[in-house]
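A structural walkthrough
The primary structure of each chain is shown beneath.
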Amino acid sequence: MAACYNGLFSTHMFVPLNLVWERVETARSDSPIAVCRNLMLYGEALLKTVAAGMIAAVADDKDRHRYRLCHKLIRSNGLGDWDDALANVCSGPALQHLRAGAYEVQQEITSRHGRGSYIYDATVLLQKCLDVIVPEAEKLPSRFEGRLWFSKFVMLRNKERAHGATPDDALRNIVSDLEGSLRLLADNSKMLKRPWVFLRRNLSGKYNVVPLGDDSTSFSRLKGDRAINLKDGVYVDFTDHCYVELIESTVDVIDFQYPNGSFRGIKSEWISYVSGTRRAVDATPYLQPASALPSSETQGFRDLRVVGGCLVNLPPKPTDYIHRDELESELTAVLMNDRHPIVTLVGRGGIGKTSLGLEVLYQITESGHTQREGRFLFIVWLSARDIDLLPSGPKIVRPTVVSVSDIAKEVSNLLSPYGIDVSNESAVAQLMRSCSEGPILFVFDNFETVQQPIDVYHWIDSNVRCPNKVLITTRHNDFRGDYEVEVPSMDERQCNALVDATAASIGMRPAVNKEFRQSVYRESDGHPYVVKVLVGEAADESSFRRVDRIVASRDDILDALFERTYARLSPAARRIFLCLGSWRSLVPIVAIEAALLRPSNEERIDVRAATEELRRVSFIDIDTAALDNSVFVSVPIAAAEFCKKKSLTAHNRLEIIEDIKFLHRFGAMQPGDLKRGLEPRIKRLFGVISEELQKRTTTLSNEIPILEMIARQYAPTWLLIVELIEESGGDRTGDEVLNVLTRYLESGPSAQEQQKTWERISQVHRRRRDWAGYLNAVLQIAEMPASDMLTVSDAANTINSLKSEVDITQRKAFAHRLISVMESRLGEADATDCSRLGWLLLQVGNEKRAYEVAQAGLNHEPENEFCINLAKKLERR
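Owing to the predicted nature of the structure, the values given are computational and were not obtained by experimental measurement.

**Details of the overall build of the protein chain**
The helix and strand inventory of the protein chain stands at 34 helices and 26 strands. Long-range pairs, those at least 24 residues apart, make up 67% of the contacts in the protein chain between residues at least 6 apart in sequence. Just so you have it, the protein chain exposes about 40000 Å², and 49% of that area is on carbon and sulfur atoms.

Dropping the structure here:
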């Protein structure tokens, strides 16, 4: 799109701003004053776009600098805060976390410019405007930072908006200079010449990449890359694909919105400089305080303290630790020797790796081992824990280190008071190789949560040398190190505690006695999973049966116990067990139901009862996602190994293979994914189906019954069915989509989801040119208790705009409904809202009330053109 100013034409494409420029062009047929005011809006959009792009370039860090900037701007009612945020990124605290690819833009904004620079020329033109509007404004120096343009524009815009006090003649006088200044900046800014796109991922996993600027080649690979997971939205490329969270776009990329303040409760107002509409947007992602997160319970002290003969920053000992003598001895021995520079302590989450590590470290310091043997002079504890598992639930905490840079800073803070200079990553790497003061033990707790853990591990492995050592605690076995200590089983005391807990979970804790505990420990050899199996198998109503002794080697214990229990399973439970155990993954229970209730499976199975049977004998674990209360099933490692053997000889092996293939459509899921709930699994299923439809290996009619069954249990599935129907292109009339959306509304979604659904319904009716259906959907939204006045007012504007498209009787009925809503909320209305209500009243013949409402609007804002026009029309009558 070409734009013109001062006789010059620009062919630079930047869709979000070019769409705003169309308003400027349209205003030329009105008046120079209208042009000027639309130029001001263009400048607002320009400033917010540059600031939003730079904020997107701030990388994640433990102090959440980017979140703090967004947190402030979501709440900001003033344009000056955007200028402040830009300064923060370009020359303030956030600069240290700016991605390398953004430095070119940052330098343009912070460098000093003189004659011959486009920024200089643009700022000179802007200064001419200020000389007219704000004569007392400070004059320009001969050279100045590029950021000055943005500060000058904020000053000009704020003065022009100040109650409309700027004389019309002054606005006419600045139009040319203002237009030239804006076009110079927009056409030459390095920020706007970066690759910008709008990304939307379809159900098959591929990305729809819509260019927003002249160049989008750096995003091209996303079109066929399903491995990368990016949320839908606006992106700018700074070597990395940076999500611009402060700009939103419609799916068809014809409108763009920016935060506009008016923060209330859980919503913030966003404004479109393209259409002029305002919209209340969910602000819950920004409700967490911008202040620093609390530290983890296992974060090390901020300074080194003398314990025994060693300087340490270890966190306090856990108060509820249960000794594990053999593991403690093994870990102590491997830490105290001069071999194995990297030791990993591996186990499942919550199994006690951190507690075991702390116990051993305090033992070797307090016992005097380090002093007597000179093993370690320093023990440096570095925690990457980002969630504390508290009795009250998971709590987000601030990790101490998440990157190599953080490691260097933390080590420097701890050791610099002792004259050890480790001011950068290279110095810390050298310290890991050799420390002249004495050996150092570096402890990395919850290592799997650092950023790019494989890379950080390779960095550690490449540098650490004995007598220095590294101890890593991790849930994952990707970091095996030179010596791995596993935490697989318990002593008898721990086993007794697990017996009590397992019995309590099935309501039989009072039936547990000493003899039963001893027999379980004897048969299980302290293996926690076998303990669960034995307790579940022996449970018999209100008592426990005798646990028969199994004469077999320790390697045979699991097989023998599983065999006996497996023989007692119902056919339904066996089928589900063989299906689940053949695939190591958490599986949604709704997926199991879908697999076993497919039309090809003629025999019906009570899936819920069968899974409960399996849970009782501990063949499966059941977890519930806190996010949406969805239920997931998993098979522990030992049971899965047993299952593989049984699957080879199962009589219904072919049917089980088909069940497993169906479950694969939901994708593999690990325990860490539980916090995301059911939604990612359902989306994965739809992505697979979408791809199969494209390849014509299935049909929509074949899949819909299964998907509807899932939707009846997990209502958001209805919305994905809509997307699948639309992608297939078979619903030309929109009838199927409307039917599915209606069924979703019948499921009783939240008010917010109801509003979104009615918006989609309105779009379908609008596409069908069914104006009565469209207006009904718009009114449904306006009539919702949670709808803000902006939404209600826009609904009135829509009805007033569609006078000729709807039968007069229907139109009056719609108008009466909305009048009732607006009259009850008149206290929230501004002058423009009053004018829209007045026109509704005029449509139903209530001229007297229409005039009263128009006057109320003028009392609120005397210069409101809409109320003035309405009042004049009524006065002429």
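**Focus on the nonpolar core**
One finds L46, M54, W149, L178 and W196 to be the most contacted residues of the largest nonpolar core, which totals 89 residues. For W149, the contacting residues outside a window of four places in its chain are L46, A122, T123, L126, S181, L182 and L185. Counting residues in hydrophobic clusters, the runner-up holds 72 residues, among them A591, I660, L738 and V764.

**Re helix 25 (residues 700-713)**
For helix 25, spanning 14 residues, the distance from its first C-alpha to its last is 20 Å, which sits close to the expected 20 Å at 1.5 Å a residue. Buried within helix 25 we find L700, E703, I704, I706, L707, E708, M709, I710 and A711. Tucked into the core, helix 25 has its buried residues touching helix 20 (589-596), helix 23 (653-664), helix 24 (679-695), helix 26 (717-728) and helix 27 (735-746).

**Remarks on the packing of aromatic side chains**
Think of a pair of aromatic rings as described by two things: how far the centres are apart, and how the planes are tilted against each other in angle. Summed over all chains, the structure comprises 12 aromatic pairs. Summarising the aromatic geometry, the rings of F378 and Y418 are spaced 6.2 Å apart at their centres and angled 65° between planes, so their arrangement reads as edge-to-face. Within this pair, whereas F378 is found in strand 16 (residues 378-383), its partner Y418 is found in the loop between helix 12 (404-415) and helix 13 (425-433), the two being separated by 40 residues in sequence. Relative accessible area serves as the criterion here: at 2%, F378 is assigned to the buried category. Relative accessible area serves as the criterion here: at 36%, Y418 is assigned to the partly exposed category. Measuring from ring centre to ring centre gives 5.9 Å for F662 and F666, while their planes differ by 65°; the resulting arrangement is edge-to-face. One exposure class covers both F662 and F666, and it is buried. The rings of W149, F150 and F153 are connected pair by pair, giving a single aromatic cluster. R75 extends its terminal NZ or CZ atom over the ring of F263, reaching a point 4.2 Å from the ring centre. Seen from the ring of W21, R183 lies directly overhead, with NZ or CZ sitting 4.5 Å from the centre.

**A look at unusual backbone geometry**
A cis geometry characterises the amide bond from C466 onward to P467, with omega recorded as 15°. With respect to the helices and strands, P467 occurs in the loop between helix 14 (453-463) and strand 20 (469-474). Positive phi, close to 65°, is recorded for R696, a residue that is not glycine. Within the element layout of this structure, R696 appears in the loop between helix 24 and helix 25.

**Brief notes about the sheet that holds strand 26 (residues 631-634)**
Within a sheet, neighbouring strands are paired by backbone hydrogen bonds and run either parallel or antiparallel to one another. The three strands are arranged 24-26-25 in an open sheet whose pairing can be described as antiparallel. Both edges of this open sheet fall to strand 24 (587-588) and strand 25 (621-624), since each of them pairs with a single strand only.

**Regarding the sheet that holds strand 10 (residues 256-259)**
On the basis of which strands lie adjacent, the open sheet formed by four strands has the order 9-10-11-12 and antiparallel pairing. A strand with exactly one partner marks an edge of an open sheet, and here the two such strands are strand 9 (248-249) and strand 12 (278-282). Note: strand 10 against strand 11 (residues 267-272), three bridges, orientation antiparallel. By the bridge assignment for strand 11, P259 is matched with W270.

**Some thoughts on empty space enclosed by the protein**
The full count for this structure, using the stated rule, is one cavity of 30 Å³ or more. Here the largest cavity is characterised by a volume of approximately 50 Å³. Sorting the residues of the lining of the largest cavity by element identifies helix 5 (103-110) and helix 6 (118-133) as the ones contributing at least two each.

**Section: the pairing of strand 7 (residues 233-238)**
A large share of strand 7 lies buried, amounting to six of its six residues. Relative to strand 7, strand 5 (residues 196-201) is paired through four bridges, and the arrangement is antiparallel. Within the sheet, the bridge partner assigned to F198 lies in strand 7 and is V234. Here strand 7 hands over to strand 8 (residues 240-243) after one residue, with T239 in that stretch at a positive phi of 75°.

**What to know about the side chain of S181**
Following the sequence through the fold, S181 ends up in helix 8 (residues 168-188). The residues contacting S181, other than those within four sequence positions of it, are A122, L125, L126 and W149.

**Section: the pattern of salt bridges**
Pairs can form between side chains of opposite charge whenever their charged atoms are close. Under the counting rule described, the total for this entry stands at 43 salt bridges. A salt bridge links K72 to D81, with the nearest nitrogen and oxygen atoms 3.9 Å apart. A salt bridge links D673 to R676, with the nearest nitrogen and oxygen atoms 2.8 Å apart. Judged by relative accessible area, D673 falls into the partly exposed class, the value being 21%. The exposure class assigned to R676 is partly exposed, which follows from its relative accessible area of 42%. Several salt bridges converge on common partners, so that one network encompasses R37, E44, R157 and E160.

**What to know about helix 12**
Taking 1.5 Å per residue, 12 residues should reach 16 Å; helix 12 reaches 16 Å between its end C-alpha atoms and fits that length. Burial within helix 12 is extensive, with nine of its 12 residues counted as buried. Along helix 12, the residues classified as buried are V404, D406, I407, A408, E410, V411, S412, L414 and L415. For helix 12, the elements touching its buried residues are strand 16, helix 13, strand 19 (440-445) and helix 14.

**Re the pairing of strand 11**
Within strand 11, five of the six residues are buried, which leaves the element mostly enclosed by the surrounding structure. As paired elements, strand 11 and strand 12 share five bridges and run antiparallel to each other. Within the sheet, the bridge partner assigned to K267 lies in strand 12 and is D282. Counting the residues in the hairpin turn of strand 11 and strand 12 gives five residues, including G276, whose phi is positive at 85°.

**Comments concerning the side chain of T298**
Relative to the helices and strands, T298 resides in the loop between strand 12 and strand 13 (305-307). In this structure the side chain of T298 is engaged in a polar contact, spanning 2.9 Å, whose partner is the side chain of R385. If we skip the residues at most four places from it in the chain, T298 touches P315, T354, W381, S383, R385 and D445.

**Describing the packing of helix 7 (residues 148-161) against helix 8**
Taken N-terminus to C-terminus, the directions of helix 7 and helix 8 make an angle of 150°; their axes are 13 Å apart at the nearest point. The angle between helix 7 and helix 8 places the two elements in the roughly antiparallel class. Crossing handedness for the pair helix 7 and helix 8: left-handed. Contact residues: W149, F150, F153, L156 and E160 in helix 7; L171, L178, S181, L182 and L185 in helix 8.

**A closer look at the confidence of the model for the protein chain**
Low pLDDT means the predicted coordinates in that region are not meant to be read closely. With 88% of its residues at a pLDDT of at least 70, the protein chain reaches an overall mean of 84. In the predicted structure, residues 1-11 sits below a pLDDT of 50 and forms 28 contacts with residues beyond four places in sequence or in another chain. Contacts for the low-pLDDT stretch residues 549-558, under 50 throughout, to residues beyond four places or in other chains number 11 contacts.

**Describing the state of the cysteines**
In the structure shown here, the tally under the stated rule is zero disulfides. Lacking any disulfide linkage, C129 is separated from the closest cysteine sulfur, that of C36, by 7.6 Å. The class for C129 is buried, based on a relative accessible area of 0%. With no disulfide of its own, C867 has C834 as its nearest cysteine by sulfur position, at a separation of 5.8 Å. Residue classification places C867 among the buried positions, given a relative accessible area of 0%.

**A short note on the environment of L47**
Within the secondary structure, L47 sits in helix 2 (residues 32-56). Judged by relative accessible area, L47 falls into the buried class, the value being 0%. Linking L47 and S151, residues 104 residues apart in sequence, is a C-alpha distance of 9.7 Å. Those residues in contact with L47 that lie beyond four places of it in its chain are L79, W82, F150 and V154.

Criteria and cut-off values
- Residues numbered from 1 in each chain as written.
- Predicted model: local features only at pLDDT ≥ 70, side-chain atom pairs only at ≥ 80, totals over all residues.
- Heavy atoms only, no water.
- Helix = DSSP H or I, 4+ residues; strand = E, 2+ residues; numbered from the N terminus.
- Contact = heavy atoms within 4.5 Å.
- Areas by Shrake-Rupley, 256 points an atom, 1.4 Å probe, with all protein chains shown as cover.
- Core = buried A, V, L, I, M, F, W, Y, C linked by side-chain atoms within 4.5 Å.
- Buried < 20%, exposed > 50% of the residue type's maximum accessible area, 1.4 Å probe, protein only.
- Expected span 1.5 Å × (residues − 1).
- Phe/Tyr/Trp six-rings, centres within 6.5 Å; stacked < 30°, edge-to-face > 60°.
- Lys NZ or Arg CZ within 6 Å of the ring centre and 35° of its normal.
- Pairing = 2+ DSSP bridges.
- 1 Å grid on protein atoms, 1.4 Å probe; cavity = no way out; pocket = protein on both sides within 12 Å on 5 of 7 lines; lining within 4 Å.
- Points joined across faces, edges and corners; volume = space filled by probe spheres on them.
- Salt bridge = Lys/Arg side-chain N within 4 Å of Asp/Glu carboxyl O.
- Polar contact = N/O pair within 3.5 Å; in protein donor to acceptor, adjacent residues only side chain to side chain.
- Axes fitted to C-alpha atoms, helices over the stretch in contact; angles between N-to-C directions.
- Parallel < 35°, antiparallel > 145°, perpendicular 65-115°, else oblique.
- Left-handed = near helix turned anticlockwise from the far one by under 90°.
- pLDDT = per-residue confidence, 0-100.
- Disulfide = S-S within 2.5 Å.

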